[in-house]
Amino acid sequence: MNVQWYPGHMTKARRMMQEDIKLVDLVVELLDARVPVSSRNPDIRAMAANKSRIVLLNKADLADEAQNRRWEEIIRAEGAVTALVNARSGSGLKTFGQLVQEACREKIERDRRRGIKNRPVRAMVAGIPNVGKSTFINTFAGRSVAKTGNKPGVTKGKQWIRLSKEVELLDTPGILWPKFEDEEIGLKLALIGSIRDEILQGQELALYLLGFLAEHYAGTIAGRYGEIDEKLPAPQLLMEIAKARGCLKKGGEPDTDRAAALLLDDLRSGRLGRITLDRAGEA
Ligand code: GDP
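Since this is a predicted model, take the numbers as computed values, not measurements.

*Asks:* Hey, could you run me through helix α1 (residues 7-21) in this one?
*Replies:* Two residues of an α-helix separated by three or four positions point the same way, owing to the 3.6 residues in each turn. With 15 residues, α1 ought to run about 21 Å at 1.5 Å a step, and its terminal C-alpha atoms sit 21 Å apart, in line with that. Buried within α1 we find A13, M17, D20 and I21. One side of α1 holds all its buried residues, which, seen down the axis, span an arc of 90°. Looking at α1, the residues exposed on the side facing more than 90 degrees away from the buried face are P7 and R15. For α1, the secondary structure elements touched by its buried residues are β1 (26-32), α2 (44-47), β4 (121-127), β7 (167-170) and β8 (174-175).

Right, here's the structure in full:
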């Protein structure tokens, strides 16, 4: 689901998030492992100020493994409970219960001191569009012990998915708006498909990507599209990709719009390999 954000959407998303967050002890913030900085919502810290928090780097299967390890370390060093996960396959989620225990240690201790026993931790998932929130919920819902119904007075209109004796997950995710701070963040979010790429923007995105790959992932283009001189300037490189893939206009000229679309599709599906756009250490 790609979203074009307008101020009205942001206000609505913020209001819904503020309502739902009142119901939970724990916020599970999903980031896209390919863009751990750009996919972070600027206001989540303030909104979740008095809540426990887990930061999951999702789609880790699409991101660079060395960068994954570095980002995991950086986020852990910031004091967050974190893990690399793949919400689609469920990989990395087996230990989710342990992460919850770790993130909610204070709450669990406090309950114990007050003599409250076995009160499950209530959690919600939050993140920008397309980061994998629904996938995450469905992966758990599929194996959940039971779905709990509405609890009158307490959770009006809300469904909870019981993950275990200790954890209940709100079945609707919190949608966070992305950062619009600078153009580069916008380009990266459009590249991974989190914000809509207008048709006209396709070429701009492709050229940016080609420049990025030349700097960080040499060999990727030649590896995917065959004998192409990667040292060519990006616009020419795009023409070469068009030719290599038979993207031609009626007159036989390279169709760079189609080549751009193909390149972006190859990136998003992982066919270009595992690529991290936000570089650890350069953020
Ligand atoms: P939401 O908008 O945050 O709810 O995102 P969705 O759950 O709809 O996921 C968006 C797309 O990303 C879907 O095509 C999912 O199959 C895909 N997806 C979600 N998690 C992962 C993951 O960990 N790895 C990969 N490769 N794809 C994922």
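*Asks:* Honestly, a negative patch on the surface in this entry has me stumped. Any pointers?
*Replies:* On the surface, E181, D182, E183, E184 and E204 cluster together into a patch of negative charge. In this structure, E183 sits in helix α7 (residues 183-191).

*Asks:* Mind showing me how you'd approach unusual backbone geometry here?
*Replies:* A negative phi holds for most residues other than glycine; trans holds for most peptide bonds. A positive phi angle is found at K59, which is not glycine, with a value near 60°. Secondary-structure assignment places K59 in the loop between β2 (52-58) and α3 (65-77). Located in the positive-phi region is N130, a residue other than glycine, with phi close to 75°. Within the element layout of this structure, N130 appears in the loop between β4 and α6 (133-142). Using a relative accessible area of 30% as the deciding quantity, one classes N130 as partly exposed.

*Asks:* Explanation requested: the nonpolar core in the structure shown.
*Replies:* One recurring pattern in soluble globular proteins: nonpolar side chains tend to sit buried together. The biggest cluster of nonpolar side chains holds 74 residues, and the ones touching the most others in it are L26, I54, L56, F96, F136, L169 and L263. Take this core: its biggest share by element is seven residues, from helix α8 (residues 201-216). Residue contributions to this core reach at least three from each of two domains, namely domain 1 (8-171) and domain 2 (201-282). Sequence-distant contacts of L56, defined by excluding residues within four places in its chain, comprise V28, E29, L30, L31, A83, V85, L93, F96, L99 and F136. By size, the runner-up hydrophobic cluster in this structure holds ten residues, among which are W71, I75, A80 and A280.

What counts, and where the lines are drawn
- Residues numbered from 1 in each chain as written.
- Predicted model: local features only at pLDDT ≥ 70, side-chain atom pairs only at ≥ 80, totals over all residues.
- Heavy atoms only, no water.
- Helix = DSSP H or I, 4+ residues; strand = E, 2+ residues; numbered from the N terminus.
- Expected span 1.5 Å × (residues − 1).
- Buried < 20%, exposed > 50% of the residue type's maximum accessible area, 1.4 Å probe, protein only.
- Arc of directions from axis to C-beta.
- Contact = heavy atoms within 4.5 Å.
- Patch = residues over 30% accessible without salt bridge, like charges linked within 9 Å, V, L, I, M, F, W, Y side chains within 5 Å.
- Areas by Shrake-Rupley, 256 points an atom, 1.4 Å probe, with all protein chains shown as cover.
- Salt bridge = Lys/Arg side-chain N within 4 Å of Asp/Glu carboxyl O.
- Lys, Arg positive; Asp, Glu negative; His and termini not counted.
- Charge placed at Lys NZ, Arg CZ, Asp CG, Glu CD.
- Core = buried A, V, L, I, M, F, W, Y, C linked by side-chain atoms within 4.5 Å.
- Domains from an automatic or database assignment.

These figures capture arrangement, not role.
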